[in-house]
Amino acid sequence: MRSYSAFAVAREAARYHMGWERAWASPEPKKKYEVIIIGAGGHGLATAYYLGKNFGITNVAVIEKGWLGGGNTGRNTTIIRSNYLQDPSAAIYEKARSLYETMSQDLNYNVMFSPRGVMMLAQTQHEIRGYQRTAHANALQGVTTEWISPGRVKELVPIINLDGPRYPVLGALWQARAGTARHDAVAWGYARACSDMGMHVIQKCEVTGVRQEGGKVTGVTTTRGDIGCDKLGIVVAGHSGHVADMAGFRLPVESVALQALVSEPIKPCMDVVVMANTVHGYMSQSDKGEMVIGGGADGYNNYTQRGSFHHIEETVRALVETFPMISRLKMLRQWGGIVDMTGDRSPILSKTPLEGCFINCGWGTGGFKAIPGSGWGMAELMAKGQSPLTDAFSLDRFKEGRFIDESVAAGVAH
Amino acid sequence: MSTRLATGGRLIDRSKQQSFTFNGKRLTGCAGDTLASALLANDQMLMGRSFKYHRPRGVVASGAEEPNALVGLGTGARFEPNQRATTTELFDGLSATSQNHWPSLEFDVGAVNTKLARFLPAGFYYKTFMWPRSFWKHVYEPVIRQSAGLGKAPDAETRDADTYEHFYAYVDHLVIGGGIAGLETAKRLGETGARVLLVEQTAHWGGRAPVDGGEVEGQPVTEYIAGLLAALNAMENVTLRSRTMGAGIYDHGYALAYERLSDHAPTTQGPRHRLWRIRAGQIVTATGAIERPLSFAGNDIPGVMLASAVRDYVENWAISPGDRTVIVTNNDDAYRTALVLKSHGLDVPAIIDARVLPTDSALMAEARAKGIAIHQGHAIDHVMGTKRVRGVAICSHAGEGGAVIEEIPCECVAMSGGWSPVVHLWSHCGGKLNWDQANAMFRPDLTRAPTGDKGQAFVTPAGAANGAMTLGDVLEDAVAAAERASGDTRTSDAPKAVVAVEAPLAPVWMMPQGASIKHRMKAWLDYQNDVKVSDVQLAAREGFESVEHAKRYTTLGMATDQGKLSNINGLAILSGALGAEIPQVGTTTFRPPYTPISMGAIAGEARAEIFQPIRKTPIHDWLDKNGAEWEPVGHWRRPYCIKQAGETTEQAVHREVKNTRENLGLLDASTLGKLIVKGKDAGKFLDMLYTNMMSTLKPGRCRYGLMCNENGFLMDDGVVARIDEDTFLCHTTSGGADHIHAHMEDWLQCEWWDWDVYVANVTEQYGQIAVVGPNARKVLEAIGGMDVSKEALTFMGWADGELAGIPVRVYRISFSGELSYEIAVKASYARELWDLLMSVGKQFNVMPYGTEALHIMRAEKGFIMIGDETDGTVIPQDLNLHWAISKKKEDFMGKRAHERADMAREDRWKLVGLETVDGSVLPDGAYAVGEGTNANGQRNVIGRVTSTYHSPTLGRGIAMGLVLHGPDRMGEVIRFAKTDGTTMIDAKIVDPVFYDKDGEMQNV
Amino acid sequence: MLTLHCPNCGIQADETELAPGGEAHLKRYGPGSSDDEFHSYLFTRENPRGPHFERWRHAAGCGKWFLAARDTVTLEVYGTYPAQTLEPPQDIKDAITAKHPGWQWREFS
């Protein structure tokens, strides 16, 4: 693979860029691979990448029904942070965040990770206590966060309205080394690197069945024929329940729509990511200048990649309160993705009842930020049968009543 | 130069001159102008700069599809970036500024990028800016961000001076688009008697037809349109709204329309925008079609415009785009532009037609008859000029360019690559498209329409939006659309139109057809985002084969016009590069809104004070006047404390605690949830809901209860009073009333529907006042009216009675550990009772107290607080509340859950009291550290603080927390880490009841 | 933006009046059930691409719960019926069969 650099671009410019080769190959499927990953989104590609990089397993196919990175990887609001409360969450998200820091260099692909900082506003006494607890937990988890005053919030986000008549800003939890990245580039960069290691990224190939013998996985049937494997990873987000059905087990997962929107691009006015959970909205500004806005998920099962407009209204209303200057900006585009929600809203990275078959799903609204950490842990789990990053996220936790609940701030106050 | 013609202009009123400014320069236009037409009238061809290369750009279109002419409009609190000049109606005093340049529109330093364009192809940034690593954040990204973006950001402290509103409409038929198709369809639908709403995005009815001309039913088309309008206006069941854009179509017949009420007249009173939330039985998308540019070198130079736009500017606004206009086309329609120009006395030196036709079509013959030179089989090799067109060089279309046959001087180039139906709204909710090879366009596949709640098709396209490209076909389809929408067959024939027969279009995706790379690098597809033919081809070469990949890699179609001009051309280039058919490559997804809509309109009326209306107790106003420092609790406000003059918050809180413990405190407890549960099976029901036994409670008595969810976690707590055999009153937390009520209804309606139980939420029907402290009984006795003695009203009892004639229900319960009466009173009496308690209480040193004093006093007593000691992961056993978990009951919510492995675990963290060794206050949320680290390198933890306060009563810090084996470790000192992770605070594990362990204070 | 017919008050209710409540016809398992049964009751939900039986509450209307058969791909509503129903009514089953011959949902078909 030819290395990307400013020199390479300059050299190609002399030839009118006619000499660039494909970023990833487009191979025909082989009869058999050591590992098949279903799903060429960020998590699936990262799993394949770290199987190769960390464990030397390169006889790998990543099979994708549509086009790589075409699901939630390319539909999210690109926020990367690791200021989670519970230890297992903080571990995997912080692993991911630290891998994001060097991802452009590791992959020789500029994923534009921008550690611009993420703040979570506290707008009630209850939220203050919740975030102070998170700050304490983070300190012991190796995640650098701090509690900041309203004054500091205003310095970092000049467009914020601290004194909203309804919910004044009382402070914020600030993670300076959190940020954003270019979502498509993450998928493309991993795909290119996987392809370079000799792995097969096979697009437009739909898995129609999972083959097994004696309780052990042997391969998959696809729209492009049967493909054998020793190990199978199912990494298909909103479609997990569907593929798990093929493999003969059930998941505690439901698929719902999550929506986002962007404004028209304007010159830089907000350098950090702000999340306002009391009013349910968050916003950042992309390098292109668009205000990138997200809110809550719809509450009913839905595979349409469309949501209901009243959620957009609620989110925008909340953000117009928080950032009054956006009132005269315009919404350019709204869209939806299908997210897979588990019973405790934390992901599942686990062995399954089918030997040799592994599942990575349930990322809900938070998958993008976890991609490299999830891939790292999943690769270790698949290669070695166990990984400290994924242990707590096993499927059996629901039966045991052992939950990883990040929504603790949603308690009730007198 | 562009200028105003001496006569004509069907939309302008020359008698009303309007003065406006552009980049500070004072200019004049006419009423009826758009900003774009007014600028052209003043020879302001250059209107903006492109996104990436900062290329000089002029207006290219005349409507919503405009990618170039975006301006900042207005100033101060009314400043709005990225407003399209083509859809901005001129008004007197309008102030516009051009965007994305420094220092000025004419001389933009950023334009150096255009010289570097060769080094900045699609996706170059994915391949560069990687070293050194820290440079992305500190150098590259800030520079990129600064040069990206389009319009100026409004000032940080801007508060929008305008208001917005939402409207609701429920109609049988929503017709989107007030062109001739929409008008005809609406009229036919209106005639069925159905409720019809017709919306049109511009200020004018009739769409393109008045400019394009033709005859309908023997009348000029303008007269026919006037007739349709008159008929529609006469129908009471039809509502017409102009300046109202169909913004989006959503599931089950929901649609959004965006009405711009005062953008064209900012001094008008009332809201600026109105967002219509429409539920329609059927939606007709009569959204017309958009002309496509042609891809030739220099097609972005100011003065190169769509042929239809040139025609619009001449006919509608009497604009001469220049003395000489060269037409370049692959179809007959552009000839109309040539004829219109000629008829206004303007020169058309050449029509360059990529086609070679065996015989002249009617329009062609007409042009030839007017003496216009037609160059068939030719192409534009390149456009000459930089900030405005100077001329075109033409070559053979069959070639690869470079072999210039002739240079033709001109000021304007009018191009037409054919038309694309506006299928956006059709597609928003899943309508599918077919590729129409003959017309080289995607059109709706009527067999795959969006489906509604009954599985029925609920959107139908009409006219040009359905691919009908001539006036006759448009009208025929409009009538057919009315049939499709109403299900009725037509009662009269479609109107007959007379139009010229056109020769077929020839698809032209690149010009000349074999354009060399040098040409392709100057042939723009997406003007705003600077995506050229060569960029899409590069994407294909690098494996970005899916249309979504190509779009995202090149940013084609991602600009503010969302690809209205560029998508089909880009798609054709991509399919050409891949050697695939266009329909196999497919389109990107069309997403709402059709054109951008203001955030203000989306937010609607609910701004500022009414963003989320505040719930107020009957005592709210008194507290507000008397120094309450408010804190949001759910949708209520509760006083954190009630400050006296000169006090700090902390001083006030400490005073309130002290006074309540020593004298008399009053708490507005009205926000507590109050649910009446009534019926023969009420006791049985509450036994299922609470962990403890409620059915054995005697009338006249109260019991503290815990509620778990089915998953075993504590969800709420409160005091339950039994009113009579069949009636209970359940108190919930302030934030919990609504969801506990819903929770009860859920189980009653969906699981135990055969039980005789009814629930009513009476939270707001009653005010509740806690009268607390050693003087509590004294004040009630001083007011008089009922016996509240120790004997008559024992602890955990309640009684109905009167206080000074006010009917009250008095609960003798305590959340502070003091002698305490909670008095429930009809909301309308609550303020009277409060005032009475304050005045009579004066002799007993009464003072109101707030939530923080409440919290401190309950913590001093070791009482748990839902939301502090619980967080959704805590079970009652963790809080040593075994006494409140019935062992006798076979079943209650949470019982089965508590049997699971993880909940039965011996080493769950348990509630204890915590006292710092030095008497300081433990930080809220601090964790207790254990030995070593876990497998992920995180410090092991053995507990955490759940509540922590300075106790004014004890004069030291007190806390509660959950600690590993906590209750077995009384007296042990453990270490809590501060947020730096290293500074430690030592705290001793103690009994959580810090004050009055034997309960003597309340038992008097 | 769904609309669902509320079988209690008889109106066609807008989604903004409604609160979704997850899968319908769940059998409650309490004390005495196995870990598998209890786990399945709490967490294992049907998540089909197609007909879905679900609970809704007319929260900003009559306040009553009702059940709906709705397609998660097309969002077609095959019918709504009172919450106090143990099995989907036959006409709704028929409506589903017309679109999805051979459909199955737990013990119903």
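Residues numbered from 1 in each chain as written. Chains lettered and ligands numbered in written order. Predicted model: local features only at pLDDT ≥ 70, side-chain atom pairs only at ≥ 80, totals over all residues. Heavy atoms only, no water.

Draft legend 1. Structural detail: the overall build of chain A. A tally of helices and strands in chain A yields 11 helices and 18 strands. Relative to the compact-globule value of 22 Å for 414 residues, chain A shows a C-alpha radius of gyration of 21 Å, a close match. Seen through its principal axes, chain A has C-alpha atoms that stretch 65 × 65 × 40 Å. Counting only residues that meet the buried cut, chain A has 71% of its 414 residues in that class. Contacts in chain A between residues at least 24 apart in sequence constitute 74% of all its contacts with a sequence separation of at least 6. (Helix = DSSP H or I, 4+ residues; strand = E, 2+ residues; numbered from the N terminus. Rg over C-alpha atoms; globule rule 2.2 N^0.38 Å. Buried < 20%, exposed > 50% of the residue type's maximum accessible area, 1.4 Å probe, protein only. Contact = heavy atoms within 4.5 Å.)

Draft legend 2. The arrangement of helix 2 (residues 42-55) of chain A in detail. All names here are of chain A. Taking 1.5 Å as the rise per residue, helix 2 with 14 residues should run 20 Å; its terminal C-alpha atoms sit 19 Å apart, in good agreement. A large share of helix 2 lies buried, amounting to 11 of its 14 residues. Turning to helix 2, its buried residues number three or more, namely G42, H43, G44, L45, A46, T47, A48, Y49, Y50, L51 and G52. Looking at the residues trailing helix 2, positive phi occurs at G56, about 65°. (Expected span 1.5 Å × (residues − 1).)

Draft legend 3. Representation of the interface of chain C and chain B in the model. Each partner contributes residues to the interface: chain C has 31 residues there, and chain B has 32 residues. Together chain C and chain B conceal approximately 2,500 Å² of surface at their shared face, both sides included; 49% is due to carbon and sulfur atoms. On the chain C side of the contact with chain B, C:M1, C:R28 and C:P31 bury the most area, a combined 26% of that side's loss. Between chain C and chain B we count five salt bridges in total. A salt bridge links B:D746 to C:R55; the nearest nitrogen and oxygen atoms lie 2.7 Å apart. Applying the counting criterion to the chain C and chain B interface returns 17 residue pairs in polar contact (both at pLDDT 80 or more). The set of elements that each furnish at least two residues to the side of chain C that touches chain B consists of strand 2 (12-14), helix 1 (35-43) and strand 4 (51-57) of chain C. Broken down by element, the side of chain C that touches chain B gets its largest block of residues, five residues, from helix 1 of chain C. A per-class count over the side of chain C that touches chain B returns 12 nonpolar, 10 polar and nine charged. (Buried area = accessible area lost by both parts, 1.4 Å probe. Salt bridge = Lys/Arg side-chain N within 4 Å of Asp/Glu carboxyl O. Polar contact = N/O pair within 3.5 Å; in protein donor to acceptor, adjacent residues only side chain to side chain. Nonpolar A, V, L, I, M, F, W, Y, C, P; charged D, E, K, R; others polar.)

Draft legend 4. Structural view of the interface of chain A and chain B. Counting residues at the interface gives 117 residues for chain A and 143 residues for chain B. Carbon and sulfur atoms make up 56% of the area that chain A and chain B hide from each other, which totals about 11,400 Å². In this structure, the connection of chain A to chain B is made through 13 salt bridges. Its salt-bridge partner being A:K330, residue B:E80 comes within 3.0 Å of it at the nearest N-O pair. In this assembly, chain A and chain B are joined by 67 residue pairs in polar contact (both at pLDDT 80 or more). Looking at which element gives the most residues to the side of chain A that touches chain B, the answer is helix 5 (residues 125-141) of chain A, with 11 residues. When its residues are assigned to classes, the side of chain A that touches chain B shows 57 nonpolar, 31 polar and 29 charged. Relative to strand 34 (residues 597-598) of chain B, strand 16 (residues 330-342) of chain A runs antiparallel, the two sharing two bridges. (Pairing = 2+ DSSP bridges.)

Draft legend 5. Broad picture of the environment of B:A608. Mapped onto the elements, B:A608 comes out in the loop between helix 18 (599-603) and helix 19 (620-625). Beyond its immediate stretch of four places on either side in the chain, B:A608 contacts A:P165 and A:E321.

Draft legend 6. Examining the packing of aromatic side chains more closely. Overall, the coordinates contain 43 aromatic pairs over all chains when judged by the stated rule. Ring centres 4.8 Å apart and planes at 65° place the aromatic pair B:W435 and B:F442 in the edge-to-face group. You'll find B:W435 and B:F442 in the same group, each marked buried. Lying across the ring of C:Y29, C:K27 places its NZ or CZ 4.9 Å from the centre. A cation over an aromatic ring shows up here: C:R55 above the ring of C:W65, its NZ or CZ 4.1 Å from the ring centre. (Phe/Tyr/Trp six-rings, centres within 6.5 Å; stacked < 30°, edge-to-face > 60°. Lys NZ or Arg CZ within 6 Å of the ring centre and 35° of its normal.)

Draft legend 7. Highlighting the sheet that holds strand 44 (residues 798-803) of chain B. Residue and element names in this part refer to chain B. Taken in spatial order, the six strands make up an open sheet running 44-45-46-43-37-47, and their pairing is mixed. Each edge of the sheet is formed by a strand with only one pairing partner; in this case those strands are strand 44 and strand 47 (846-848). Averaged over neighbouring strand pairs, the angle between their axes works out to 30° when direction is ignored. On top of the sheet, helix 24 (residues 827-841) reaches strand 37 (664-668), strand 43 (766-772), strand 44, strand 45 (806-811), strand 46 (820-826) and strand 47; it is set at about 140° to strand 46, its chief contact. (Axes fitted to C-alpha atoms, helices over the stretch in contact; angles between N-to-C directions.)

Draft legend 8. Layout of a nonpolar patch on the surface. A contiguous nonpolar patch, built from B:V112, B:L116 and B:F119 and spanning about 240 Å² of accessible area, is present on the exposed surface. Among the structural elements, B:F119 can be located in the loop between helix 2 (112-115) and helix 3 (124-127). (Patch = residues over 30% accessible without salt bridge, like charges linked within 9 Å, V, L, I, M, F, W, Y side chains within 5 Å. Areas by Shrake-Rupley, 256 points an atom, 1.4 Å probe, with all protein chains shown as cover.)

Draft legend 9. Quick look at the pattern of salt bridges. All names here are of chain B. All told, the structure shown has 104 salt bridges over all chains when counted by the stated rule. For R336, the salt bridge is made with D333, and the minimal N-O distance between the two is 2.6 Å. Of the two residues, R336 and D333 both sit in helix 9 (residues 333-343), three residues apart, roughly one turn of that helix. Across the pair R443 and D436 runs a salt bridge, and its minimum N-O distance is 2.6 Å. Overall, R443 belongs to the partly exposed group, its relative accessible area being 25%. For D436, a relative accessible area of 11% translates into the label buried. When salt bridges with common partners are traced through the structure, they connect R208, D212, R311, D312, D333, R336 and E502 into a single cluster.

Draft legend 10. Quick peek at the sheet that holds strand 2 (residues 13-22) of chain B. Residue and element names in this part refer to chain B. Here five strands make up an open sheet; going across it, the order is 3-2-8-6-7 and the pairing mixed. Looking at which strands have only one partner, the edges of the open sheet turn out to be strand 3 (25-31) and strand 7 (80-84). When the angles between neighbouring strand axes are averaged without regard to direction, this sheet yields 40°. Where strand 2 and strand 8 (residues 95-98) come together, two bridges link them in parallel fashion. Counterpart to F22 in the pairing with strand 8 is A96.

Draft legend 11. Here's a closer look at the confidence of the model for chain B. Here chain B averages 96 in pLDDT, and 100% of its residues register 70 or above. The complex prediction reports pTM at 0.96, with the ipTM value standing at 0.97. (pLDDT = per-residue confidence, 0-100.)

Draft legend 12. Geometry of the side chain of B:R956. Residue and element names in this part refer to chain B. Inspection of the secondary structure assignment puts R956 in strand 51 (residues 956-964). The buried charged residue R956 lacks any salt bridge partner; its closest oppositely charged side chain belongs to E915, at an N-O distance of 4.1 Å. Excluding its chain neighbours within four sequence positions, the residues that come into contact with R956 are E915, T916, G919, Y949, H950 and S951. (Lys, Arg positive; Asp, Glu negative; His and termini not counted.)

Draft legend 13. Up close: the packing of helix 8 (residues 307-317) of chain B against helix 9 of chain B. Residue and element names in this part refer to chain B. Remark: helix 8 packs on helix 9, axes separated minimally by 9 Å, with the N-to-C direction vectors making an angle of 30°. Judged by the inter-axis angle, helix 8 sits roughly parallel to helix 9. For the crossing formed where helix 8 meets helix 9, the hand is left-handed. On the side of helix 8, the interface is formed by A307, S308, V310, R311, V314 and E315, while helix 9 contributes D333, A334, R336, T337, V340 and L341. Its residues assigned to classes, the contact of helix 8 with helix 9 comprises six nonpolar, two polar and four charged. (Parallel < 35°, antiparallel > 145°, perpendicular 65-115°, else oblique. Left-handed = near helix turned anticlockwise from the far one by under 90°.)

Draft legend 14. The side chain of B:Q1002, seen in detail. All names here are of chain B. Its place among the elements puts Q1002 in the segment after strand 53 (984-990). Looking at Q1002, the relative accessible area reads 12%, which means it is buried. Residue contacts for Q1002: discarding those within four places in its chain leaves F795, R812, S814, G817, E818, L819 and D996.

Draft legend 15. Highlighting helix 16 (residues 567-578) of chain B. Residue and element names in this part refer to chain B. Helix length check: helix 16, at 12 residues, gives a terminal C-alpha distance of 16 Å against a target of 16 Å (1.5 Å per residue), a fit within 8%. Summarising burial for helix 16: nine of the 12 residues are buried, a large majority. By the burial criterion, the buried members of helix 16 are N567, I568, N569, G570, L571, A572, I573, L574 and S575. Two residues or fewer after helix 16 comes G579, characterised by a positive phi angle close to 65°.

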